[in-house]
Protein chains: 2
Amino acid sequence: MQNVTPLQLETEVSYTKDGLVAVIAQDVKTKTVLMMAWMNKEALSITLKTKDVTYYSRSRQKLWRKGETSGHTQKLIEAFIDCDGDTLLLLVEQIGAACHTGAPHCFFRAIKD
Amino acid sequence: MQNVTPLQLETEVSYTKDGLVAVIAQDVKTKTVLMMAWMNKEALSITLKTKDVTYYSRSRQKLWRKGETSGHTQKLIEAFIDCDGDTLLLLVEQIGAACHTGAPHCFFRAIKD
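Below or above, wherever it landed, is the structure these notes cover. (Residues numbered from 1 in each chain as written. Chains lettered and ligands numbered in written order. Predicted model: local features only at pLDDT ≥ 70, side-chain atom pairs only at ≥ 80, totals over all residues. Heavy atoms only, no water.)

Here we look at the overall build of chain A
Then step 1. Per the secondary structure count, chain A includes two helices and eight strands.
Then step 2. In terms of overall dimensions, chain A has a C-alpha envelope of 40 × 30 × 25 Å along the principal axes.
Then step 3. Evaluated residue by residue, chain A yields a buried proportion of 50% over its 113 residues.
Then step 4. Taking all contacts inside chain A whose residues are at least 6 apart in sequence as the whole, residues at least 24 apart take part in 42%.
Then step 5. Accessible surface computed for chain A: about 5,700 Å², of which carbon and sulfur atoms make up 49%.
Then step 6. Separation between the mean location of the 14 positive side-chain charges and that of the 13 negative ones in chain A comes to 7 Å. (Helix = DSSP H or I, 4+ residues; strand = E, 2+ residues; numbered from the N terminus. Buried < 20%, exposed > 50% of the residue type's maximum accessible area, 1.4 Å probe, protein only. Contact = heavy atoms within 4.5 Å. Areas by Shrake-Rupley, 256 points an atom, 1.4 Å probe, with all protein chains shown as cover. Lys, Arg positive; Asp, Glu negative; His and termini not counted. Charge placed at Lys NZ, Arg CZ, Asp CG, Glu CD.)

Encoded structure:
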């Protein structure tokens, strides 16, 4: 395992042309993949500083502190950046449901014949 | 858990304007998140039919059967689609290293002060 400091992220994160980076949230205890969302530079900075996971809502075009209305917050425990810098993996403590539908996570539909 | 058939995916997958959907690969045994990549409609169809996980390489702009040169293939065990259809989660059997760097997975850099 290597370390990247928050300062080094300035050059290590490869943002899309819209200024976003993909983020996978995984439950630190169960290892369940909870959701995939996006952050901009500000959301990432806030998340690392406060440990309150904060995304960028592409539909609402604004910062979105996870659980700000539902109370279903995510506390950041550990963060990782992938080999080419375009995806982050966050290990989180999830309070309540991760999915806006009320499901524990967003991947509740199996692809099956 | 709900089921979505491959046929229903025609309307359930929300592709980007470039015709891609985000895909998270997770090791079915260890629950390690291995990588994030992209599929187009053809890659998804091939993956579901053959169980050989096949992505779409954005840099090379062509289909990319995982492990086609390295031998580090991914066998699809289970597939899920998220609540809003823009991300897939695949549980896979990973042969060898998932990351092109030779690391077991792509998230080997921790973000730390």
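Structural notes on the sheet that holds strand 7 (residues 87-94) of chain B
Sheets are built from strands that pair by backbone hydrogen bonding, the pairs being arranged parallel or antiparallel.
Then step 1. Reading across from one edge, 1(B)-8(A)-6(B)-7(B)-2(B)-3(B) is the order of the six strands in this open sheet, with mixed pairing throughout. Of all the strands in the sheet, just strand 1 (2-4) and strand 3 (33-39) of chain B have a single pairing partner and so form its edges. Pairwise comparison of adjacent strand axes, ignoring direction, gives a mean angle of 30 degrees for this sheet.
Then step 2. Note that strand 8 (residues 109-111) of chain A and strand 6 (residues 74-81) of chain B share two bridges and pair antiparallel. Counterpart to Ala110(A) in the pairing with strand 6 of chain B is Phe80(B). (Pairing = 2+ DSSP bridges. Axes fitted to C-alpha atoms, helices over the stretch in contact; angles between N-to-C directions.)

Looking at the pairing of strand 6 (residues 74-81) of chain A
All names here are of chain A.
Then step 1. With seven bridges joining them, strand 6 and strand 7 (residues 87-94) adopt antiparallel strand pairing. Residue pairing for strand 7: Ala 79 is matched across the bridge by Leu 90.
Then step 2. Joining the antiparallel neighbours strand 6 and strand 7 is a turn of five residues, in which Gly 85 adopts a positive phi near 75 degrees.

Re the pattern of salt bridges
Oppositely charged side chains can pair when the atoms bearing their charge come close.
Then step 1. Considering all chains together, one arrives at eight salt bridges over all chains under this definition.
Then step 2. The salt bridge partner of Arg109(B) is Glu12(A), with a shortest N-O separation of 2.8 Å. With one member in each of two chains, Arg109(B) in strand 8 (residues 109-111) and Glu12(A) in helix 1 (residues 9-12) form a pair that bridges those chains.
Then step 3. Exposure remark for Arg109(B): the relative accessible area of 9% places this residue in the buried category.
Then step 4. In this structure Glu12(A) comes out as partly exposed when scored by relative accessible area, which is 32%. (Salt bridge = Lys/Arg side-chain N within 4 Å of Asp/Glu carboxyl O.)

A few points about the environment of Phe108(A)
Then step 1. Mapped onto the secondary structure, Phe108(A) falls in the loop between strand 7 and strand 8.
Then step 2. The exposure class assigned to Phe108(A) is buried, which follows from its relative accessible area of 16%.
Then step 3. Remark: the alpha-carbon pair of Phe108(A) and Leu34(A), spanning 74 residues in sequence, is separated by 9.8 Å.
Then step 4. Setting aside residues up to four positions removed in sequence, Phe108(A) forms contacts with Cys99(A), Thr101(A), Ala103(A), Met1(B), Gln2(B), Ile81(B) and Cys83(B).

Thoughts on the sheet that holds strand 8 of chain B
Then step 1. The strand order 1(A)-8(B)-6(A)-7(A)-2(A)-3(A) describes an open sheet built from six strands, whose pairing is mixed. Taken across any chain shown, the strands that pair with only one partner, and hence form the sheet edges, are strand 1 (2-4) and strand 3 (33-39) of chain A. Sheet twist, expressed as the average angle between the axes of neighbouring strands with direction ignored, equals 30 degrees.
Then step 2. Strands in contact with helix 2 (residues 41-50) of chain A are strand 3, strand 6 and strand 7 of chain A together with strand 8 of chain B; relative to strand 3 of chain A, the strand with the most contacts, it is inclined by about 125 degrees.

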